[in-house]
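Breakdown of the fold
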Amino acid sequence: MSSSGDIQETGKILSGTEVANEMRSVLTEEVKKMCEELPGFKPGLAIVQVGGREDSNVYIRMKIKAASQIGIEATHIKLPRTITEAELLMKLKKLNGDPNIHGIIVQMPLDTDNPIDSHLITDSVSPEKDVDGLNTINEGRVAVGDLSGFLPCTPNGVIELIKRSGVPIAGSQAVVLGRSKIVGTPCSELLKWHHATVTVCHSKTKNLDKEAAKADILVVAIGRAEMVKSSWIKPGAVVIDCGINAIPDATKKSGQRLVGDVAFEEAKHVSSYITPVPGGVGPMTVAMLMKNTVQSAQRAAARIKNVMWNLRTLPLSPATPVPSDIQIAGSQEPKDINQLAEEIGLYPIEVFQYGHKKAKIDLSVLKRLEHQKSGKYIVVAGITPTPLGEGKSTTTIGLVQALSAHKNKNSFACVRQPSQGPTFGIKGGAAGGGYSQVIPMEEFNLHLTGDIHAVTAANNLLAAQLDARIFHENTQKDESLYDRLVPVVKGNRCFSKIQLRRLEKLGINKTDPDSLTAEERRAFARLNVDVSTISWKRVVDTNDRFLRKITIGQSPTEKGYTRESGFIMSVASEIMAILALSKDMEDMKQRLGKIVVAQDKEGRPVTADDLGATGAMSILLKDAIQPTLMQTLEGTPVLVHAGPFANIAHGCSSIVADDIALKLVGPDGYVVTEAGFGSDIGMEKFFNIKCRYSGAIPNAVVLVTSVRALKMHGGGPTVTPGIPLKKEYVEENLELLGKGIPNLQKHISNGTKFGVPVVVAINTFSTDTQAEWELLKKASLESGAFRAVVCHHWAKGGAGATELADAVIEACNQPSQFRFLYDLDFPLENKIRKIAQEMYGAADIDLPADVQNMLENYNKQGYSRLPVCMAKTSLSLSGDPTIKGAPTGYTLPIKDVTVSVGAGFVVPIVGEIAMLPGLGTRPSIYDMDIDADTGEIHGLF
């Protein structure tokens, strides 16, 4: 083929086959380069076929072969003739949302028994994946000269062939014979936008031959064999024949041959360039389809590589004085959650809406972004808590608002879901406060997406199964019990998967229920639970003090099998900790199965898997394992997930939420997560438990403090909620503040022991003075803090935390020197001692004989390499909640020890820990109401 030449030289062949081969070589190299730059990435093309027409099969095989040669993974989706329009639309919707599919074509015509609107079908293919260029949006773009979308394949192939002739399109007279939607009309539009003067002829055009003879460029697409004769062609014209027609030919084995719409043999002597049939436009159609698919994949790849979000932030108009939290939250209209999801790089298939303001995020995003480099990882912790509040949640939200809305950095906040206990008690919610909040705050603080309810259901299902199993073992003989556990159903008897696992655990290598001996049947059927060792309790997400200790089984139907039990908070359940520490569904299932609920009468652990409950609990938690996407007041993204108590469990949001956020922000982004209570509680567990299981490397600690909280640690008067603060807290008092600074210094030291830079965030209140802030900044820097920053995010939103954002960015740029506090090979006793001495300031620990025996037993059961999760008061560095400041030299008493095998940690218990709080004399519920007409909530903080 000649790519250029003198226009007087007639009859040069424009070979689509040769051009297509050249394009294929180029596309192959482009695909290879893409895959090298993004390991695991591969362009994907979905070819949807309804029915089984043989002519369609021929075209599809041709497309699949071309895709394979280039390196495109083509999937042929064969659908039956019986498919309905609704079913086909649903299938296309799924493909539209699949991030691994970059191009979608629907093979026409649809070979169907049911009426299906083919135009509706082509318009249902996403314009971003419409590599055929047939969606009305893409057609419309061509019509108005926007050539940034996908161009229709055959017309685009026509333009490419004309360009290969070397004849300039601009200024030429172009005539298009035919005005079909697929070829003629888009050809005329493309020629027009390449600056030709275009005439479109059709069946109603008069003097068709004379119009054609005016053309410098003649495109023929009329579907009539050899209609255009040499007399229709202007000498030296470029002729593009888009037709393909079968005519009789006795010399051919098939009895026919293929010809175009142009009488080729005579036309080639008149034209300067002409396309043959076959081998002209046909191969170009497939080549352009492949080009569009590669372009779509390149856009997807660029989106992965260039992760800078197109985030549309929401403006704030802070008022003075600062209104109530719910007034501020109610005054800001959140973005539609789908808009936010799109802005941060999520695909529709990865987002499951719960209304318009929140959505679950599918864990498949982690698979899609598995090769993406993670962002910087920051944990927000606090000094020892006081009733005055330090503002960790508010600082977390203010910081990400500053990073995203004011520093133009990709950033995520990852926070826990609050329990309804504090919400309706005294503490209130955990959405932040002032102008640094998660919104809608009322949804955040109430049911959200039901995760805590799912944890409650799973926990109580296991409790119900445990008591039911004990009852049935007590009331049935071996044979009857075995027959009910493995019944005959429709003439067949078989073990379930979970029962096969129990057989394996027992060392019984049999799968036929009828082949077990009597002794094996007894071992399989009887768990022989020692009721005195039952540790599993029911849970409720309400501060209900009268459920702390109860007697169950008092109904006559339980035949006298009563026992003492009790409830704990849902967020104190081991299942909540499992939800927070699981990396995916399979990991969660494994952890759930390992839950130890009691011991049998021989001292062996009885697990959830033994009770057959693992699968059922997993089903109840299948949606709960997905984090919930929400937003801040400034429209920046927040992932809300899990809510384990920090003084009982590890007190951090989930690993999966952090993992998703770290991938979405990309290597130059920031993920800010929160650890419950002080650094001695939440931060220590974040590092030694959460980071150990997740493998994530933290880059910085933000340590939140306040002037008035440190005054309380310095010996200030008792603070009672609801009673005005004493003058010590609202007037400058440098002496009292100075006495409380050792508590801050201890928490700074705790952070630096992990090799992570500590940025102190001084959360301000209107009664603070400049001298008090300067004293805190000076003491922080002298104690090893990387930076100490005064913050005003409560009153100003992200604009009040920009200096904090700068300090965090600078801290994250430091080389990582992160290290764990202890090695897993340490004996359990040594791990406990290490935490007590390094984190709390204790001189030593006191282990009673019974606790030592339990630790030895755990060693025998294989739990010695688990990390330690201290259950300790959050109100003091010591085990005594009344001791403030930074005590040292004391002995920390370990009263008890338990193990959460599913969660994966041993729990030493220091002092009395309230597992189920109670409502006070005047809980927050007195201030709460809802407007029956508007649905507006009042009194929620």
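Our structure is the block above this text.
Read on for an overview of the structure. (Residues numbered from 1 in each chain as written. Predicted model: local features only at pLDDT ≥ 70, side-chain atom pairs only at ≥ 80, totals over all residues. Heavy atoms only, no water.)

**Here we look at the nonpolar core**
Spelled out, the test is: Joining through side-chain atoms within 4.5 Å is the link that ties buried Ala, Val, Leu, Ile, Met, Phe, Trp, Tyr and Cys residues into a set, and such a set is a nonpolar core. Only protein chains enter the area calculation, which uses a 1.4 Å probe; residues under 20% of their type maximum are buried, those over 50% are exposed, and those in between are partly exposed. The contact criterion used throughout is that any non-hydrogen atoms of two residues lie within 4.5 Å.
Core analysis: the biggest nonpolar cluster contains 139 residues, and F412, L629, F687 and L892 have the highest contact counts within it. Excluding anything up to four places from it in sequence, F687 contacts V379, R692, P698, V701, F754, V756, F818 and F820. Within the second largest apolar cluster, 55 residues are counted, among which are M23, L27, I159 and L190.

**Quick notes on a nonpolar patch on the surface**
Convention followed: Each patch is assembled from residues with relative accessible area greater than 30% and no salt bridge, linking like charges that lie within 9 Å and nonpolar side chains (Val, Leu, Ile, Met, Phe, Trp, Tyr) that lie within 5 Å. Computed with a 1.4 Å probe, the accessible areas rest on the Shrake-Rupley method; for each residue, only the protein chains presented here act as cover. What counts as a salt bridge is simple: a side-chain nitrogen of Lys or Arg found within 4 Å of a carboxyl oxygen of Asp or Glu. Numbering of helices and strands runs from the N terminus; a helix is a DSSP stretch of H or I covering at least four residues, while a strand is a stretch of E covering at least two.
Where nonpolar side chains cluster on the molecular surface, the patch consists of V58, Y59 and M62 and spans about 270 Å² of accessible area. One can find M62 in helix α2 (residues 54-70).

**Examining empty space enclosed by the protein**
Note the following rule: The distinction between a cavity and a pocket rests on a 1 Å grid over the protein atoms alone: a 1.4 Å probe fits inside a cavity but cannot get out, while a pocket stays open yet meets protein on both sides within 12 Å along at least five of seven lines, and a residue with an atom within 4 Å of a point counts as lining. Grid points are joined across faces, edges and corners, and a volume is the space filled by probe spheres set on the points. Residue type decides the class: Asp, Glu, Lys and Arg count as charged, Ala, Val, Leu, Ile, Met, Phe, Trp, Tyr, Cys and Pro as nonpolar, and the leftover types, Gly among them, as polar.
One pass over the full model with this rule turns up two cavities of 30 Å³ or more. Counted as a void, the largest cavity has a volume near 60 Å³. Along its surface, the largest cavity is lined by I104, I105, V106, T122, V125, D130, D132 and L134. Among the elements that make up the lining of the largest cavity, the one with the highest residue count is strand β4 (residues 103-106) (three residues). Considering only residue class, the lining of the largest cavity consists of five nonpolar, one polar and two charged. A volume near 40 Å³ is recorded for the second largest cavity. P698, N699, G755, V756, P757, Q814, P815, S816, Q817 and F818 together form the lining of the second largest cavity. Looking at the lining of the second largest cavity residue by residue, the class counts come to five nonpolar, five polar and no charged.

**Some thoughts on the pattern of salt bridges**
Tallied over the full model, the rule gives 51 salt bridges. Salt-bridge contacts for R164 lead to E22; the nearest nitrogen and oxygen are separated by 2.7 Å. Within this pair, whereas R164 is found in helix α6 (residues 153-165), its partner E22 is found in helix α1 (residues 16-37), the two being separated by 142 residues in sequence. Given a relative accessible area of 18%, R164 falls into the buried group. Between D844 and R833 there is a salt bridge; the shortest N-O distance is 2.8 Å. Within this pair, whereas D844 is found in strand β33 (residues 844-846), its partner R833 is found in helix α32 (residues 828-840), the two being separated by 11 residues in sequence.

**Some remarks on the environment of G166**
Position of G166 among the secondary structure elements: in the loop between α6 and β5 (173-177). A residue is classified by how much of its surface remains accessible, and G166, at 47% relative accessible area, is partly exposed. C-alpha separation for the pair G166 and L95, spaced 71 residues apart in sequence, amounts to 40 Å.

**Regarding the sheet that holds strand β26 (residues 605-607)**
Heads up, the rule is: Two strands make a pair as long as DSSP finds a minimum of two bridges between them.
The sheet built from three strands is open, its strands ordered β20-β25-β26 with antiparallel pairing. The sheet terminates laterally at β20 (529-530) and β26, the two strands that pair on one side only. For β20 and strand β25 (residues 596-600), the ladder comprises two bridges, and the chain directions are antiparallel. Across the sheet, residue V529 finds its bridge partner in β25, namely D600.

**Let's talk about unusual backbone geometry**
With glycine set apart, most residues show a phi of negative sign, and most peptide bonds adopt trans. With an omega dihedral of 0°, the bond running from M108 to P109 counts as a cis peptide bond. On the secondary structure map, P109 appears in the loop between β4 and α4 (118-124). Looking along the chain, the bond that leaves I439 and enters P440 is cis, with omega of -5°. Relative to the assigned elements, P440 resides in the loop between β17 (436-439) and α16 (441-445). For K490, which is not glycine, the phi dihedral falls at a positive 55°. Summarising the element assignment, K490 is placed in the loop between β18 (488-489) and β19 (492-493). Residue classification places K490 among the exposed positions, given a relative accessible area of 81%.

**Re the pairing of strand β15 (residues 411-415)**
Burial of β15 is extensive: five of the five residues sit out of reach of the surface. With burial as the criterion, each face of β15 is covered, one bearing S411, A413 and V415 and the other bearing F412 and C414. Across four bridges, β15 lies against strand β29 (residues 670-678) in parallel orientation. By the bridge assignment for β29, A413 is matched with V672. Alignment of β15 against strand β28 (residues 637-640), held across three bridges, turns out to be parallel. If you follow C414 over to β28, its bridge partner there is L639.

**Comments concerning the sheet that holds β5**
Taken together, six strands build an open sheet; the order of strands is β1-β11-β8-β7-β5-β6 and the sheet is parallel. The outermost strands of the open sheet, each flanked by one partner alone, are β1 (12-13) and β6 (197-201). Looking at chain direction, β1 and strand β11 (residues 273-274) are connected through two bridges and run parallel. Opposite I13, over in β11, you have I274 as the bridge partner.

**Section: the pairing of β5**
In regular strands, side chains alternate between the two faces of the sheet. Note the threshold: Orient the strands so they point away from the viewer; a crossover is then right-handed if the path from the first strand over the helix to the second runs clockwise.
Within β5, four of the five residues are buried, which leaves it mostly tucked inside the rest of the structure. Of the pairings in the sheet, the one linking β5 to β6 comprises five bridges and is parallel in character. Paired with V176 across the bridge in β6 is V200. A crossover connection joins β5 to the parallel β6 through helix α7 (residues 184-193); in handedness this β-α-β unit is right-handed. Here four bridges tie β5 to strand β7 (residues 217-220), and the two strands are oriented parallel to one another. What sits directly across from A174, in β7, is I217.

**Thoughts on the packing of aromatic side chains**
Quick reminder of the rule: Two rings from Phe, Tyr or Trp (for Trp, the six-membered ring) form a pair when their centres are within 6.5 Å of each other. A pair whose planes differ by under 30 degrees is stacked, one over 60 is edge-to-face, and the rest are tilted. Throughout this description, the term charge over a ring refers to an Arg CZ or Lys NZ atom that lies within 6 Å of the ring centre and within 35 degrees of the ring normal.
Enumeration over the complete set of coordinates arrives at 10 aromatic pairs. Members of the aromatic cluster, each reached through a chain of ring pairs, are Y377, F686, F687, F754, F818 and F820. It is R303 that lies over the ring of Y347; its NZ or CZ is 4.4 Å from the centre.

**A look at the side chain of H650**
Position of H650 relative to the elements: it lies in the loop between β28 and α24 (655-665). Ignoring anything within four residues of it in the chain, the contact list for H650 reads A577, A580, L581, P644, F645, G682, K685, I689, C869 and F905.

**Things to note about helix α20 (residues 518-525)**
Note on helix geometry: an α-helix contains 3.6 residues per turn, so any two residues three or four positions apart are oriented the same way. The test is simple: Think of the arc as the fan of directions from the helix axis to the C-beta atoms.
Along α20, the residues that are buried comprise E520, F524 and A525. Each buried residue of α20 lies within a common arc of 125° when the element is viewed along its axis, so the set occupies one face. With respect to the buried face of α20, the exposed residues turned more than 90 degrees away are A518 and E519. If you follow the buried residues of α20, they end up packed against α17 (451-475), α18 (478-485) and α19 (497-506).

**Considering the state of the cysteines**
Under the convention used in this document: Throughout, a disulfide means two cysteine sulfur atoms within 2.5 Å of one another.
For the coordinates displayed, the defined rule picks out zero disulfides. No disulfide involves C652; its sulfur sits 8.0 Å from that of C691, the nearest cysteine. Overall, C652 belongs to the buried group, its relative accessible area being 0%. Sulfur of C812: no disulfide; nearest cysteine sulfur belongs to C691 and is 13 Å away. For C812, a relative accessible area of 3% translates into the label buried.

**Topic: the environment of M62**
We classify M62 as partly exposed; its relative accessible area is 40%. Separated by 221 residues in sequence, M62 and P283 place their C-alpha atoms 9.6 Å apart.

**Side note on the packing of helix α14 (residues 392-406) against helix α31 (residues 802-812)**
Selection criterion: Orientation is described by lines fitted to C-alpha atoms, with helices fitted over the stretch in contact, and by angles between N-to-C directions that extend from 0 to 180 degrees. The labels follow the angle: roughly parallel below 35 degrees, roughly antiparallel above 145, roughly perpendicular from 65 to 115, and oblique for the rest.
Running from N to C, α14 and α31 cross one another at 80°; their axes reach a closest spacing of 8 Å. Between α14 and α31, the interaxial angle falls into the category roughly perpendicular. Only T802, L804, A805, V808 and I809 of α31 make contact with α14, whose side of the interface consists of T395, L399, A402, L403 and H406. Grouping the amino acids of the contact of α14 with α31 by side-chain chemistry returns seven nonpolar, three polar and no charged.

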